[in-house]
Amino acid sequence: MSLPQSPATSGTPSRAVLARLRGVHKTYGPVRVLDLPELDLYAGQVVGVVGENGAGKSTLMGTLAGSVHRDGGEIEIDGAPLVPGSTHAAQDLGVALVSQEFPLVGQLSVAENLLLGRRPKESKRKVLTDRRAQRAEAVAILARIGVTEREIPVGRTVRTLPVPARQLIEIAKAFGRKPRLLILDEPTSSLGPVEAARVLRLARQLADEGGTVLFIGHRLDEVRQVSDRIIVLRNGRLVADLDRAEASEDRLIREMVGGEIAHSEPKVADREKPVLLTIKGLTADGLGPVDLEVRAGEIMGIAGLMGSGRSRLIHTVAGAQPATGGTMQLEGAAYAPHGVGDGAQAGIALIPEDRKEQSLVLFAPIKDNVTVGILRKISSRGVLGPRRRRQEGQRIAESVNVRMQSVEQPIGSLSGGNQQRAIFGRAFASNPKLLLLDEPTRGVDVGAKAEIYELIDRAAAQGMAVLAASSELEELLWICNRIAVMNHGRVVEVLERAEATKERIMTAAAGTAVSTLNGPLTNGAVA
Amino acid sequence: MSTQTTLPPAGAQGTAQPAQRSGLTRLLIETPETGVIAACVVFFILISFKAPTFHSVGNLQVVGRDLGQTGILAIGESLVILTGGIDLSVGALAGLAGILAAWFNVSGHMPAPLAILLTIVICGIAGLWHGLMVTRLNVPPFVITLVTYTVTIGAALAITSGTPISGTDPLFQNLSAFYVGQIPVPALIFVGAVIITWFLLERTYVGRQIYAVGGNKEAARLAAIPIKRRITSVYVASAALAGVVGVLTVGRESGTADPSVGGSGWELIAIAAAVVGGVSLFGGEGRIIGIAAGAILLEIIHNGLLSMHVNQYDIQMVQGAVLGVAILLDRLRARYFGRGERG
């Protein structure tokens, strides 16, 4: 079986333009996340979209699907202008989006989800449900993507189905709208190889039928297999527009990371320092087995693509996610946390990814936010005095240079960088041995980033071991002594700072994922 | 090239695994209401043995009339809970409705049918107010219905100066004290409400969309379901049903409207019946059969304990315990079948 390739659409220079984008741009705060002077998408093509995290892929996708309100510029689908910021307008013009989180109603049946918000086409009833027509149409929609009743019974409650089945339903839903422009956002990330191959085939098929598919993917091999044309985004700009033939994996990685390399003194880990954290064969849901050693005073970065297990590793070490196997040692003593409480007890401080959701009580004063981890320590015989609380809060906030009027002001009134510094202060206050960071500078402006890097350096200088997961390679190259690259829940490479480059990290993070795709698709497409 | 031939045969992937479970397990997964219904039967038999008067026709008629109150409230309440909201005002609103209907009839000299209609419309407007506040201004349902709760209890007392209104039209009594065959009218109204609600929820698009709104608001929004209208409508339904209940209470008290009715905590019984019947407080989950069974179970226990001469205070504790056990069993079931997490 080979991948269907329509000769009419591959390589012909003059094709009908399906989507025309002119001057489309979008700005969040000071950052221009998308800036496309000119982009045409042709009918009959699968267009791969690649780029680093934050390159603007999701913004481009959201702009086309109407879920992101573009700041300016014109978009035409089949010659008809697309109103900005309306998912309905986009749907009416034939844009369908399959996102990574599936908006399905778990309590309803598969058939009801497939026809959510509309009546079966065959049904004459206006008010009453028509189960037979609904069922028939649902079966037909699933059949369109080659899913049989036996695989996914349309009467089943969606909640009782496994994740891959839900992903297929979501894809079927999008196909059911007979889209002109289908946007697939990492559609295969939650699928096994067989289902992934099926989805790629469907993308191909839709293009052969004259539609356009925008395929956003992290696995470069997969994108290369399915796409006729690959566009590379970097910092919101279109930096490369390549034919399939030109788009070698090396080229793509080079375009994605750009020419510039982060300049910093390559830090060398102090080999003399004792190993603080030892991880052996650690497994958890979606993680492992992982082996890793981190020395006191060392900053170990964790790189990897989305879903590679970066956060999971951090969380498992912190005790926030249960380990299913393997061992950990902290300063030579066995460490097997049954919750974050155990982690904190053992001297581990975690600074999670989402400041607002996971770290702060935004409307509470700064002093309360920074002292929450040491309340017992600053209480005398279990009673917390107001003055002590204020003093400690002041001390902690000042130790990390939080710029504020008063410790009584709500922490939500501070800037992102100041909030993040306050969180560092809180973590330092409990004198941890190991500092775990998940995206330490997310949502922080450039100036404040440097200050946070200083804090991380300070932690290491004081002898803490630091394990920092980040999606920003420059950041890791800037702060780390060593970088562990993760892929599919495993550490695939540990690079010394001196040998680490963006290209090497990207290759390790993306390159090896390649082999997971097997089956007939590979044969047809690579040829 | 047809779709079928281009795609690899699937099957071994096991997308539909859980279907292979045994019949009983599947029944329990797919019909969580089985437990409540079984409990109704068990309690009915047990209490019948302990208290011979319990299953007498006269007592069962009392049970039926009670269902015409808490049961109907439970249905309206459940509709609101299905969308992920809560309506704390139903008990108080029912109380005020009784007063209003009697007051319009007695002091306002309105004919009884008009008084009743006007009362239900006024309650519906209160529901509309709840719905608009919740959907337009994003006021938490808990808060806005608590406001109404407080105001309506006050209003009922203010209208009556605390003394019951008597001398209403005989129609009020006929509604509650009349029988069709041996069945009291309020019980029939309850059954009617159950059937209409079943039809609405299971057989109309509006009903299915109510589940979608409660189950996954984002999915509903993307599917262009009119979320605000659906949510508003359940608050209107809940409040209007409270109005119906209020009218029925007047008849039960021999045509007297008692301002103390509103404060008797019926909204809590209604919420309890919904939860016992398998309605999830997170929204999107629960069926009318469970809601009805939940209301019936609570009523059987309440009335049964009365027949066994258990005092009122102890009964309240038992009712609380039943709610506790129901929640516990529901969570255990959810965990056992691996759907502890929501959605």
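Residues numbered from 1 in each chain as written. Chains lettered and ligands numbered in written order. Predicted model: local features only at pLDDT ≥ 70, side-chain atom pairs only at ≥ 80, totals over all residues.

### Considerations on the overall build of chain A
Logical step 1: A tally of helices and strands in chain A yields 19 helices and 20 strands.
Logical step 2: Long-range pairs, those at least 24 residues apart, make up 70% of the contacts in chain A between residues at least 6 apart in sequence. (Helix = DSSP H or I, 4+ residues; strand = E, 2+ residues; numbered from the N terminus. Contact = placed C-beta atoms within 7 Å.)

### What to know about helix α4 (residues 57-82) of chain B
Residues and elements named next belong to chain B.
Logical step 1: Between the first and last C-alpha of α4 there are 35 Å, a value that for 26 residues agrees with the 38 Å anticipated at 1.5 Å per step.
Logical step 2: In the structure, α4 departs most strongly from a straight axis at L67, where the bend amounts to approximately 35 degrees.
Logical step 3: Burial runs high along α4: 20 of the 26 residues are buried.
Logical step 4: Positive phi appears at G84, one or two residues downstream of α4, with a value of about 90 degrees. (Expected span 1.5 Å × (residues − 1). Bend = angle between axes of the 7 residues up to and from the residue. Buried ≥ 20, exposed ≤ 12 C-beta atoms within 10 Å, placed from the backbone.)

### Comments concerning the nonpolar core
Logical step 1: In this structure, I183, A203, L214, F215, L436, V466 and L467 of chain A are the most contacted members of the largest nonpolar core, which totals 251 residues.
Logical step 2: Excluding residues within four positions of it along the chain, I183 of chain A makes contact with M61, L64, A65, V95, L97, V98 and L214 of chain A. (Core = buried A, V, L, I, M, F, W, Y, C linked by C-beta atoms within 7 Å.)

### Comments concerning the confidence of the model for chain B
Residue and element names in this part refer to chain B.
Logical step 1: Looking at chain B as a whole, its pLDDT mean stands at 85, while 89% of the residues score no less than 70.
Logical step 2: No element of chain B has a lower mean pLDDT than helix α1 (residues 3-6), which averages 36, and none a higher one than helix α6 (residues 112-136), which averages 96.
Logical step 3: A low-confidence stretch, residues 1-20 stays under pLDDT 50, and its non-local contacts, those more than four residues away or across chains, total 32 contacts.
Logical step 4: When the criterion is pLDDT under 50, residues 339-343 qualifies, and its contacts beyond four places in sequence or with other chains add up to eight contacts.
Logical step 5: Scoring the predicted complex yields pTM 0.74 and, for the interface, ipTM 0.75. (pLDDT = per-residue confidence, 0-100.)

### Examining the sheet that holds strand β12 (residues 287-295) of chain A
All names here are of chain A.
Logical step 1: If you walk across this open sheet you meet the four strands as β12-β11-β14-β15, and the pairing is antiparallel. Bordering the open sheet on either side are β12 and β15 (333-334), each of which pairs with just one other strand.
Logical step 2: With two bridges joining them, strand β14 (residues 323-330) and β15 adopt antiparallel strand pairing. In the strand pairing of β15, Q329 is matched with A334.
Logical step 3: Of the strands in this sheet, β11 (275-284), β12 and β14 touch helix α9 (residues 310-318), which is tilted by about 70 degrees from β12. (Pairing = 2+ DSSP bridges. Axes fitted to C-alpha atoms, helices over the stretch in contact; angles between N-to-C directions.)

### Remarks on the domain arrangement of chain A
Logical step 1: Structurally, chain A comprises domain 1 (16-94 + 179-261), domain 2 (101-176), domain 3 (262-341 + 433-500) and domain 4 (348-431).
Logical step 2: The centre of domain 1 of chain A, based on its C-alpha atoms, is set 32 Å off from the matching centre of domain 3 of chain A. (Domains from an automatic or database assignment.)

### Focus: the sheet that holds strand β20 (residues 490-496) of chain A
Backbone-to-backbone hydrogen bonds join strands into a sheet, with any given pair of strands oriented parallel or antiparallel.
Residues and elements named next belong to chain A.
Logical step 1: Taken in spatial order, the six strands line up as β16-β17-β18-β13-β19-β20 in an open sheet, and their pairing is mixed. Because the sheet does not close on itself, it has two edges, and the strands there are β16 (348-351) and β20. Neighbour-to-neighbour, the strand axes of this sheet turn through a mean angle of 20 degrees, independent of strand direction.
Logical step 2: Bridging between strand β13 (residues 299-304) and strand β18 (residues 465-469) involves four bridges; their strand directions are parallel. Note that in β18 the partner of M300 across the bridge is L467.
Logical step 3: The strands that helix α18 (residues 502-510) touches are β13, β19 (482-487) and β20; relative to β19, the one it contacts most, it runs at about 30 degrees.

### Observations concerning the packing of α4 of chain B against helix α12 (residues 227-252) of chain B
Residues and elements named next belong to chain B.
Logical step 1: At their nearest, the axes of α4 and α12 sit 8 Å apart, and the two run at 170 degrees to each other. Classified by the interaxial angle, the pair formed by α4 and α12 is roughly antiparallel. Here R65, G68, Q69, I72, L73, I75, G76, E77, L79 and V80 of α4 come into contact with α12, specifically with V234, Y235, A237, S238, L241, A242, V244, V245, L248, T249 and R252.
Logical step 2: Taken together, the residues of the contact of α4 with α12 sort by class into 13 nonpolar, five polar and three charged. (Parallel < 35°, antiparallel > 145°, perpendicular 65-115°, else oblique. Nonpolar A, V, L, I, M, F, W, Y, C, P; charged D, E, K, R; others polar.)

### Description of the packing of helix α10 (residues 205-215) of chain B against α12 of chain B
Residues and elements named next belong to chain B.
Logical step 1: Two elements in contact, α10 and α12, have axes whose closest approach is 10 Å; the angle formed by their N-to-C orientations is 105 degrees. Considering the angle they form, α10 stands roughly perpendicular to α12. Where α10 abuts α12, its residues Q209, I210 and V213 lie against I227, R230, I231 and V234.
Logical step 2: Residue composition of the contact of α10 with α12, grouped by class: five nonpolar, one polar and one charged.

### Notes on helix α9 (residues 185-203) of chain B
Logical step 1: Helix length check: α9 of chain B, at 19 residues, gives a terminal C-alpha distance of 26 Å against a target of 27 Å (1.5 Å per residue), a fit within 8%.
Logical step 2: Contacts from the buried residues of α9 of chain B go to α4, α8 (170-177), β2 (183-184), α10, α12 and α14 (288-307) of chain B.

### Looking at the pairing of β14 of chain A
Logical step 1: Bridging between β11 of chain A and β14 of chain A involves six bridges; their strand directions are antiparallel. Paired with I279 of chain A across the strands is M328 of chain A, a residue of β14 of chain A.

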